[in-house]
Amino acid sequence: MGDLLLVRHGETAWSMSGRHTGSTDVPLTDNGREQARRLGPLIARHHIAAAFVSPMRRARETAELAGVGGARVDADLSEWDYGGYEGITTVEIHRERPDWFLFTDGVTAGPPEHPGESPDAVGERAERMLAKIDAALSESEGSVVVVSHGHFLRVLTARRLGLTAQSGALFQLGTGTMSRLSTEHRRHVVAGWNVRPDAYCSHEPLAPADEESKER
């Protein structure tokens, strides 16, 4: 079975400022577009059998600029529905709820069209996506690449490894990065995480993720 490549979309103005970005369809910044372009050679090192992408513009643009062709748009790859916390930063939330933590507490209710999701609800969506990914992996040789969002990909990773959705908190993920989930002795493992193309290509140690990557 091939690998599962996880691509987080490039930088946006909201990811820079720390605003929770779920359903709001913000575009990439110029730097985000450059991040996406630099992912191309890294992805091209792999034989891609299938690709999936979130319907959000920031993810679809990242896929296009990174050379991920023929990606199937799938709503299950959408970011966590932040409900009433859409567009709000963690700092702002902590003013009223000092101990709040997304991966354990979820979000406050939002409008009917975006009511918000609990960690377990995001985990269920990740399970559905993993079933589609496994079907694609079984149909042909090669790897599957998915282009999606930070918090959702963290939950997807946790569920792939047999962990709870809440354990997605353990996997920090920066914008414009690629991660690789593989197998060892028929068990799912992390083979590469939060890789920035510039660090990979220069063979230099990966720099610590910046502050904005810790949330959203």
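In the block above lies the structure referred to throughout.
Residues numbered from 1 in each chain as written. Predicted model: local features only at pLDDT ≥ 70, side-chain atom pairs only at ≥ 80, totals over all residues. Heavy atoms only, no water.

### Overview of the nonpolar core
Proteins that are soluble and globular tend to have nonpolar side chains buried together. In this structure, Ile 133, Val 144 and Val 146 are the most contacted members of the largest nonpolar core, which totals 32 residues. Among the elements of the structure, β1 (4-8), β2 (48-53), α5 (102-105), α6 (119-139), β4 (143-148) and α7 (150-160) are those that each provide at least two residues to this core. Looking at which element gives the most residues to this core, the answer is α6, with 7 residues. With residues near it in sequence (within four places) discarded, Ile 133 still touches Leu 4, Phe 52, Val 144 and Val 146. In this structure, Ile 43, Ala 51, Ala 59 and Met 178 belong to the second largest nonpolar core, which totals 15 residues. (Core = buried A, V, L, I, M, F, W, Y, C linked by side-chain atoms within 4.5 Å. Buried < 20%, exposed > 50% of the residue type's maximum accessible area, 1.4 Å probe, protein only. Helix = DSSP H or I, 4+ residues; strand = E, 2+ residues; numbered from the N terminus. Contact = heavy atoms within 4.5 Å.)

### With respect to the packing of α6 against α7
Running from N to C, α6 and α7 cross one another at 70°; their axes reach a closest spacing of 9 Å. With respect to their mutual orientation, α6 and α7 come out roughly perpendicular. At the point where α6 passes α7, the crossing takes the right-handed sense. Side by side, α6 and α7 meet where Val 122, Gly 123, Arg 125, Ala 126, Glu 127, Met 129, Leu 130, Asp 134 and Leu 137 of the first sit next to Phe 152, Val 155, Leu 156, Arg 159 and Arg 160 of the second. (Axes fitted to C-alpha atoms, helices over the stretch in contact; angles between N-to-C directions. Parallel < 35°, antiparallel > 145°, perpendicular 65-115°, else oblique. Left-handed = near helix turned anticlockwise from the far one by under 90°.)

### Examining the side chain of Arg 58
The residue Arg 58 is located in helix α3 (residues 57-65) in this model. With no salt bridge to any partner, buried Arg 58 finds its closest opposite charge in Asp 25, at an N-O distance of 4.3 Å. Separated by 3.0 Å, the side chain of Arg 58 and the backbone oxygen of Gly 22 make a polar contact. If near-sequence neighbours (up to four positions away) are discounted, Arg 58 is found in contact with His 9, Thr 12, Thr 21, Gly 22, Thr 24, Asp 25, Val 26, Leu 28, Glu 79 and His 149. (Lys, Arg positive; Asp, Glu negative; His and termini not counted. Salt bridge = Lys/Arg side-chain N within 4 Å of Asp/Glu carboxyl O. Polar contact = N/O pair within 3.5 Å; in protein donor to acceptor, adjacent residues only side chain to side chain.)

### Comments concerning the environment of Val 73
Relative to the helices and strands, Val 73 resides in strand β3 (residues 72-73). Considering only alpha carbons, one finds Val 73 and Phe 52, 21 residues apart in sequence, at a separation of 5.8 Å. Dropping the residues within four chain positions of it, Val 73 is found in contact with Val 53, Ser 54, Pro 55 and Arg 60.

### What about the packing of aromatic side chains?
Evaluated as defined, the whole model comprises 4 aromatic pairs. Between Trp 80 and Phe 103, the ring centres sit 5.6 Å apart and the planes meet at 85°, which makes this aromatic pair edge-to-face. Note that Trp 80 is positioned in the loop between β3 and α4 (90-96) and Phe 103 in helix α5, a separation of 23 residues in sequence. Their ring planes at 50° and their centres at 5.8 Å tell us that Phe 101 and Phe 103 sit as a pair that is tilted. Overall, the relative accessible area of 35% leaves Phe 101 in the partly exposed class. Through successive ring pairs, a cluster of aromatic residues spans Trp 80, Phe 101 and Phe 103. (Phe/Tyr/Trp six-rings, centres within 6.5 Å; stacked < 30°, edge-to-face > 60°.)

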